[in-house]
Amino acid sequence: MLNIIQLLPDSIANQIAAGEVVQRPASVVKELLENSVDAQAKTVQIIIRDAGKSLIQIIDDGIGMSETDARMSFERHATSKIRSSDDLFRIRTMGFRGEALASIAAIAQVELRTRRSDSGRGSDELGTLIRMEGFELKTQESVSCLPGTNILVKNLFFNVPARRNFLKTNSVEMRHILDEFQRVALAHPEVAFSLYHNDSEVYNLQAGKLSRRIVDLFGKQYREQLASCEEETPYVSVRGYIGKPEFARKTRGEQFFFVNSRFVKHNYLHHAVVGAYEGTIQDGFHPFYVLFIEIDPSHIDINIHPTKTEIKFDDERSVYAIVMAAVRKAVGVYNLTPSLDFDA
Ligand code: ADP
Ligand code: MG
């Protein structure tokens, strides 16, 4: 009898894997923004056309890549962020799986221009241009370009018609992009972000404090509605802002937890926040909050799924208690001294 098992070619393996990482244009925006932040960018520009269906372009002024790294960045499981399994327990970067660029290149046309801003001997004089299409290398050459990374993702799912047809209307896809954008922008107020959709400016956010970022993202009416929140134990620290009880809304969507700068959804911790408002908000109303939880990475497991926003703590009850204490204090203090430290 003949044996019948074969290894799949990389292009097909990556296309299948891409289904996990890239559900829609917003997934590409998230992955690319996280790469820019991981590359220590100070300024990030995002250009979107047709809700990302025809173009997603991200330009950063981060560390950039050498020519060899630029080519390597598209290989599956190729990453500069972890080297050993031990590193999985000390993750400080947004990325670490080395799957995003490989996945995106398998299902889109990608153009990458990158130049190292600091190669140890100052910045490289020339950068590298790489064009990929359906995971095939089309161009690799030296080009003159600015230091940092400029990546264009065109015609998402051009070779996966079923996926392309499954995309929602531009307004729905744009909503998803804005959600991802807001999360990264909140997590990194020290980075300036601008976002353009079909040539009009949607956001132009200056680098600054978190309070300023919240107001720039959500509106001036938030300026007088925020109370700062802070609490710390040796195990975990919590800081951020919560909204006044009167500012609670019926619709959800403006509740943000970040664990070590990573946006997460956590019903149990949400419950802790709501509990801390006890009696000050009506049932069915949701308070605004942007809370940053900092914890030693060895106490959390983020390795669940590339796109999932869940996280596990080894001592969830302690985190619950400290979040509740932090919010309770802020709700209480707010009623006495509503003065805030704003630079906006
Ligand atoms: P991961 O982020 O998990 O490492 P990616 O596929 O997103 O995997 O990226 C692969 C590698 O390419 C990264 O580890 C990084 O070294 C490099 N890279 C990607 N985007 C950028 C960028 N904007 N600036 C500098 N390096 C980048
Ligand atoms: Mg990445």
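Residues numbered from 1 in each chain as written. Chains lettered and ligands numbered in written order. Predicted model: local features only at pLDDT ≥ 70, side-chain atom pairs only at ≥ 80, totals over all residues.

The subject of this paragraph is the overall build of the chain. When its secondary structure is counted, the chain shows nine helices and 15 strands. Taken against the 2.2 N^0.38 rule, which gives 20 Å for 344 residues, the C-alpha radius of gyration of the chain at 22 Å falls within 12% of a compact globule. When the backbone C-alpha atoms are referred to their principal axes, the chain occupies close to 70 × 55 × 45 Å. Contacts spanning at least 24 positions in sequence make up 70% of the contacts within the chain whose residues lie at least 6 apart. (Helix = DSSP H or I, 4+ residues; strand = E, 2+ residues; numbered from the N terminus. Rg over C-alpha atoms; globule rule 2.2 N^0.38 Å. Contact = placed C-beta atoms within 7 Å.)

Around ligand 1, a shell composed of 23 residues is seen, among which Asn35, Ala39, Ser73, Thr79 and Gly95 lie nearest. Those elements giving two or more residues to the shell around ligand 1 turn out to be α2 (25–38) and α4 (100–106). Partitioning the shell around ligand 1 into residue classes produces eight nonpolar, ten polar and five charged. (Near = placed C-beta within 6 Å. Nonpolar A, V, L, I, M, F, W, Y, C, P; charged D, E, K, R; others polar.)

Across a sheet, strands are paired by hydrogen bonds formed along the backbone, either parallel or antiparallel in direction. Strands sit in the order β9-β10-β13-β11-β12 across an open sheet of five strands; the sheet is mixed. Edge positions in the sheet fall to β9 (226–232) and β12 (262–264), since each of these pairs with one other strand and no more. In this sheet, neighbouring strand axes are inclined to one another by 20° on average, regardless of whether the strands run parallel or antiparallel. As paired elements, strand β11 (residues 255–259) and β12 share three bridges and run antiparallel to each other. Counterpart to Phe258 in the pairing with β12 is Phe263. Along the sheet, helix α6 (residues 170–187) contacts β11, β12 and β13 (289–295); its crossing angle with β11, the most-contacted strand, is approximately 55°. Docked against the sheet, helix α7 (residues 210–218) engages β9, β10 (236–243) and β13, running at close to 40° with respect to β10. (Pairing = 2+ DSSP bridges. Axes fitted to C-alpha atoms, helices over the stretch in contact; angles between N-to-C directions.)

Let's shift gears to unusual backbone geometry. The phi dihedral of Phe135 is positive, around 70°, even though this residue is not glycine. The topology assignment puts Phe135 in the loop between β4 (127–133) and β5 (136–143). The exposure class of Phe135 is buried, given the 24 C-beta atoms found within 10 Å. Even without glycine at this site, Asp199 takes up a positive phi of about 75°. Residue position: Asp199 is located in the loop between β7 (192–197) and β8 (200–205). With 8 C-beta atoms packed within 10 Å, Asp199 lands in the exposed category. (Buried ≥ 20, exposed ≤ 12 C-beta atoms within 10 Å, placed from the backbone.)

Taken domain by domain, the chain holds domain 1 (10–205) and domain 2 (221–336). Each of domain 1 and domain 2 was reduced to a C-alpha centroid, and the two centroids are 29 Å apart. Across the contact, 15 residues belong to domain 1 and 13 residues belong to domain 2. Those elements that provide at least two residues to the side of domain 1 that touches domain 2 are α1 (10–21) and α6. Counting residues per element, the side of domain 1 that touches domain 2 draws most heavily on α6, which supplies three residues. In terms of residue class, the side of domain 1 that touches domain 2 is built from seven nonpolar, two polar and six charged. (Domains from an automatic or database assignment.)

What follows is about the confidence of the model for the chain. Parts of the prediction with low pLDDT should not have their coordinates interpreted in detail. With 95% of its residues at a pLDDT of 70 or more, the chain has an overall mean of 92. Among the scores for the predicted complex, ipTM is 0.99 and pTM is 0.93. (pLDDT = per-residue confidence, 0-100.)

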